[in-house]
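# Descriptive analysis of the structure
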Amino acid sequence: MSLAGDTGGETARLRLRGITKRYPGTVANKSIDLTVMPGELHALLGENGAGKSTLVKIIYGVVTADEGEILWEGTPIAAHDPASARKLGIGMVFQHFTLFETLTVTENIALGLDDQRDMRALRRKIDETARRYGMALDPDRHVHDLAVGERQRVEIVRCLMQEPKLLIMDEPTSVLAPQEVERLFETLRRLAAEGCSILYISHKLGEIMALCQRATVLRQGKVTAQCDPRQETSASLARMMVGSDVLAVKRPEEHQGGGEALTVTDLAMEPDDPFGTRLDHVFLTVRVGEILGIAGVAGNGQTELLRALAGEKLAPGRDAIRIDGKSVGHLGPTGRRARGVAFVPEERLGRGAVAELTLAENALLTAYLDGNVGAGMVKQGTVRKFATAIVKDYNVVCAGIDAEARSLSGGNMQKFIIGREILQRPRILIAAHPTWGVDVGAALTIHEALIRLRDAGAAVLVVSEDLDELFEICDRIAVMSKGRLSEPKRVGDTDIDEIGLLMGGLFAEAPAEVSHAAD
Amino acid sequence: MHELTAILVSMVLSATPLLLAAAGELVTEKSGVLNLGVEGMMIGGAVIGFAVAWTTGSPALGFTAAALAGVALAALFGVLTLFFLANQVATGLALTIFGLGLSALIGKPYIGKPLPSLPQLYIPGVTDIPVIGPLIFGQDAIVYLSVAATVAIGWFLSRTRAGLILRSVGENHDAAHALGYPVRRIRFLAVLFGGAMSGLGGAYLSLAYTPLWSEGMTAGRGWIALALVVFATWKPWRLLFGAYLFGFFSIAQLHAQGAGVSIPPEFLSMLPYLATILVLVIISRDAKRIRLNAPAALGKVFRATA
Amino acid sequence: MPRIRLEPRAQSSRWATYLSPVLAVVLTLIGTAVLFGILGRDPIAAYRAFFIDPLSTFYGVGELGVKSAPLILCAIGLAIGFRANVWNIGAEGQFIVGAICGGGVGLFYEPMLGPATLPAMFIAGALGGLVWAGIPALLKTQFNANEILTSLMLTYVAELLLRFLVRGPWRDPQGYNFPQTKAFDGYAVIEPFFSGTRVGLGAVLALIAVAGGWFLLSRSFLGYQIKVIGLTPAAAAYAGFSQKRITWFVLTLSGGLAGIAGVNEVAGPIGQILPVISPGYGFTAIIVAFLGRLHPFGILLAGLLIALSYLGGEAAQISLDLPVAVVGVFQGMLLFFLLACELLVRYRVRLGPATAESAA
């Protein structure tokens, strides 16, 4: 596989020339050139917001480019939509699954295919295809019964059924445990060997270096580099992605942690959502002056645990959750907030903030116990001062505190929310996926803020799928898998591989007798 | 015996408009759209159906016109909610208010005018069987149409590819869009279908149930039809059962009076409405069942992200 | 051909917020003119009959106050509920039950209560409406039953209850067998403020409701919670705001207000209890609420406009033989145009380069 543009002989399977796409207020793709050869494992690398998703949506026909052309096996493509893309042999596995929960696997796959198929024949074909590529799949199960890794297999099999010549995978491993990732890579390598091209979108450098032969790097909508990832280092790739040497958070000496601030004892809870995960004898302790991280792939009970900790769902027993030794299991979010717990939820707009309200109004959302409300009336002046402080201290880029929340970028909104919680001087802060989808600069600010908070004597709990983040800022790490929580380990005593194993569920049964004294 | 036959037959008459409107709304809701304007579309169909039937002397034309009237009103709703992205609840209410007002206006000249009732099926020998005969083999064409339509809708949704696509749109419109399905077009068609059915249901009231026109004659049946869809947890077979059950409640008070029951008529008239509330409560309690059966995207606005 | 695109605005448009109701009114006037034309009436004459004539007498202006008071009272309560995403469609029923309870007190306890009759009637009426709205609140918070359907079903029940009372146990024995109660007298009567009109206490109550509503929504913490819950329920849950408590509050508040409007209507302008005591105030109040963009001051203006349309309909019926049903069409059309114009607040309309979103 040549690195240069034309291979002089072999026609490129896919070639993009000068693709440009504009959205109000931003240019998602600027004059992008891309070449993918047959049988090539080609990475599309870039940060969140670099334009990768938009580009592949253009290739797949969901979105139409404003300028530029697409050549498929040498011929330009004219009008283009997903159905014609599929006919050409382009398959796409989306980052956010396009699955229908209440329908069966077979029905889901049928929807992704274009011709009328006899359902029975389809079921047989699904079985064959799945087996051929080493993925177990039951065609009759309803998708809502499937675990996340299995759901992705449905998406992949759906594409494979069309015998694609180009398979686009958009951030496929964000929902997989490390061992499942390896299995996926085997499937992809097999496909490439058969002549199928793979366009692999990711921001995970390690994976790209392990899997791909060529990489195109996007930054702020433009192609900034092309390379062979096997010959690069993480640092050089990161530099291509971000444009400067990535600043790592200075890891101060690990903190031992003082008394127990937040204690969860034998928490078992049924999920509200019939598609959710049951919490199964969860034990957890967060100490004063430490950051405890909970790793785990989404869908293993983190959401349920977070709701239980926040008080949105009350625990079955008041003692199951204690703050500073006092039972709070029966208290709702307001009661817990009154005892010094602050909470940063996973969804920014839509839970952490109200999109249509201004920043000043959003500042009040959780700060109503902090002197901002008197005699049932809102103290407008005090609230506005608070909002201004947040914007200033956390460098929130916005058109003033009267700007509506939805006008902010993801990173700035996240900074605002974290700032709002931290400026209320909580004793305990629980943060869910604090830097998901956030640009590097904002992520840095957030990580520094969390560490500062820890140093000031608070207890911090971080739930994240990003192992790099957890290893960077946490003192101890535990793993959530299938509704159970592992024994936390000191960060210095473990590594990513071990955590990866734990994420696969391989830890000791019922840690009820395990003592949870200080490590 | 004769009394039983009369009760069952009037139950069928009473249930048919409910069944038609509810079946149409079920399809609309399965595609993810909540159209609260059923009452407006029904009364629109009632008045247009009557006007056309009266003027042309043909009930068939009346029914056709009524269906078209329902489609027109539904189109108004569809444009506002799918293209102007208006709030579905408010728009549905607007449709009801507008439909009631417009029908009162159009229907003025037709108040008090009589119409002959619809011809009913008669198979010599079969229709004469006591009770079952007139009940199953002695109804008018629209009754059979309503049952056939409901069955057809059930088959369409569960066995055909188009039905599968419609269900997927109601379940997850973003995923359906990403797969390339025209979400808005599908929903618009589902809304129009619901309008046609509601129009037919309304026309049945003014052309068969009581072959007369009077202002506001739907008396809340459109709302009962909406409740029926929830009662049926969006399953057509259950809808059939529910419609007949409600039909029964609606006519119970008439027959109770006849039977000399001494409860004041107004309280008996409350029965269908109270029954609706009861049914709604029973079904809604089971949040899990609703979650598994209700189209997940119901009522949510679809914004095509380019 | 360039396609019309909708571009979401980063910030809600200020001018569109105020202008969209105006635009809707203008479009409706055009639409009504067309309607008048179809009905074979000169649009200008019809407009004059509809909008100008009713206000040309002192009595007419007073009637504006009479008709707008119940609309505004109901609409304020409804708007607060709509803001919290609670859809009380049963204001009509709550109005009726309020009239029954308050009216009942006035009819049967006036001799005993003396000067305390009127306050007692209003309290009874408010409680009646409150309880009637409390039923959908209970069913929603306990059983998750949709409040649109339950509150609406209860309206039909209330109408039947009223009919029963007025035809049966409450019928005026000296009434020549007409279905009506005896007239309110003594302390149970709400006197008009100005002789020659019927406008009285109701108008004052409506203004108080407007002020109170504004205060609640813009200054109080409860109003803040209502706004958050209506816009983003998940954020309200995160904040710890109780969905159940707010549902109870907004429903009982709107029920109470509707009940007050009901008492005022029977003890004031009507003077007795009849089988039909409302030309659909509870439903029309929904339009008023939307037309006023769910804002108390907007509701005040909208209430006056809609009340005018009622008067106009009656006047046009007399002077131009125009069917009263035109009013319903006018109101429905207005709501449609308003919903359509609403779009401008959140989106910009662009004639942009063709983008083939496979959305339609």
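Located above this text is the structure these notes cover.
Now for a look at the structure at hand. All chains use their own residue numbering, which begins from 1 and follows the written sequence. In the order they appear in the text, chains get letters beginning with A and ligands get numbers beginning with 1. In keeping with the model being predicted, local features are shown solely for residues with a pLDDT of at least 70 and side-chain atom pairs are shown and tallied solely at 80 or more, while totals for entire chains, interfaces and linings include all residues.

Another point: the overall build of chain B. In this description a helix means any DSSP run of H or I spanning at least four residues, a strand means any run of E spanning at least two, and both kinds are numbered starting from the N terminus. A count of helices and strands for chain B gives 14 helices and 0 strands. Shown N-terminal to C-terminal, the secondary structure of chain B runs as helices and strands in the order α-α-α-α-α-α-α-α-α-α-α-α-α-α. Its C-alpha radius of gyration of 19 Å places chain B within 12% of the 19 Å reference for a compact globule of 306 residues. If one aligns the C-alpha atoms of chain B with their principal axes, the spans along those axes are about 65 × 45 × 40 Å. A fraction of 78% describes how many contacts in chain B between residues 6 or more apart in sequence connect residues 24 or more apart. Here the globule rule reads 2.2 Å times residues to the power 0.38, and the radius of gyration is calculated from C-alpha atoms. Note that contacts rest on C-beta atoms placed from the backbone: two residues are in contact if these are within 7 Å.

Our next topic: the overall build of chain C. Per the secondary structure count, chain C includes 14 helices and 2 strands. Its C-alpha atoms give chain C a radius of gyration of 22 Å, within 12% of the compact-globule value 21 Å for 360 residues. For chain C, the spread of C-alpha atoms along the three principal axes comes to 75 × 60 × 30 Å. Counting other C-beta atoms within 10 Å of each residue's C-beta, where C-beta atoms are placed from the backbone, gives the exposure class: buried for 20 or more, exposed for 12 or fewer, partly exposed between. Counting only residues that meet the buried cut, chain C has 56% of its 360 residues in that class. Considering only residue pairs separated by 6 or more positions, chain C has 79% of its internal contacts joining residues 24 or more positions apart.

Residue and element names in this part refer to chain A. A sheet is described by the order of its strands in space; here 4 strands give the open sequence β2-β1-β4-β5, paired in antiparallel fashion. The open sheet has two edge strands, β2 (26–36) and β5 (75–76), and neither has a second partner. Where strand β4 (residues 67–72) and β5 come together, 2 bridges link them in antiparallel fashion. Across the sheet, the residue bridging to L71 is P76, located in β5. Every axis corresponds to a line fitted to the C-alpha atoms, with the helix fit spanning only the stretch in contact, and the corresponding angles, defined between N-to-C directions, vary from 0 to 180 degrees. Against the sheet, helix α1 (residues 52–60) makes contact with β1 (14–23), β2 and β4, and its axis sits at roughly 120° relative to β1, the strand it touches most. DSSP bridges decide pairing: two strands pair if at least two such bridges lie between them.

What follows covers the interface of chain B and chain C. Accessible area lost on assembly of the parts is the figure often given for the size of an interface. Listed as interface residues are 45 residues of chain B and, on the opposing side, 41 residues of chain C. Mapped onto the side of chain B that touches chain C, the elements with two or more residues apiece are α3 (59–83), α4 (88–107), α9 (183–209), α10 (221–231), α12 (265–269) and α13 (271–285) of chain B. Ranked by residues supplied to the side of chain B that touches chain C, first place goes to α4 of chain B with 12 residues. Polarity classes work like this: nonpolar for Ala, Val, Leu, Ile, Met, Phe, Trp, Tyr, Cys and Pro, charged for Asp, Glu, Lys and Arg, and polar for all others, with Gly in that last group. Taken together, the residues of the side of chain B that touches chain C break down into 32 nonpolar, 8 polar and 5 charged.

Residue and element names in this part refer to chain B. As for its position among the elements, L4 is in helix α1 (residues 2–30). Residue classification places L4 among the exposed positions, given that 11 C-beta atoms sit within 10 Å. Note: C-alpha distance between L4 and F248 (244 residues apart in sequence) is 12 Å.

Before going further, it helps to examine the pairing of strand β9 (residues 214–219) of chain A. Each regular strand shows side chains that alternate between the opposite faces of the sheet. All names here are of chain A. One ladder, built from 4 bridges, connects strand β3 (residues 41–45) with β9; its direction is parallel. In the sheet register, L45 faces β9, and the bridge partner there is V217. Note that β9 and strand β10 (residues 222–227) share 5 bridges and pair antiparallel. What sits directly across from T216, in β10, is Q226. Linking β9 back to β10 in an antiparallel pair, the connection comprises 2 residues, with Q220 at a positive phi of about 50°.

In this assembly, 22 residues from chain C lie in contact with 29 residues from chain A. Elements that contribute at least two residues to the side of chain C that touches chain A include exactly α8 (221–231) and α9 (233–239) of chain C. Broken down by class, the residue content of the side of chain C that touches chain A amounts to 13 nonpolar, 7 polar and 2 charged.

Moving on, we come to unusual backbone geometry. For S31 of chain A, which is not a glycine, the phi torsion comes out positive at approximately 50°. With respect to the secondary-structure elements, S31 of chain A resides in strand β2. Since 15 C-beta atoms lie within 10 Å of it, S31 of chain A is described here as partly exposed. At N85 of chain C, a residue that is not glycine, the phi angle is positive and equals roughly 65°. Along the polypeptide, N85 of chain C turns up in the loop between α3 (58–83) and α4 (91–113).

Quick look at the sheet that holds β3 of chain A now. Backbone hydrogen bonds hold the strands of a sheet together, and the pairing may be parallel or antiparallel. Residue and element names in this part refer to chain A. Taken in spatial order, the 6 strands of this open sheet run β6-β7-β8-β3-β9-β10, and their pairing is mixed. With one partner strand each, in any of the chains shown, β6 (90–93) and β10 form the two edges of the open sheet. Mean inter-strand twist for the sheet, computed between neighbouring axes without regard to direction, equals 20°. Sheet analysis places β6 next to strand β7 (residues 166–170), joined by 4 bridges and oriented parallel. Each residue of the ladder has a partner; that of V93, found in β7, is M169.

Taken by themselves, the reported measurements are silent on function.
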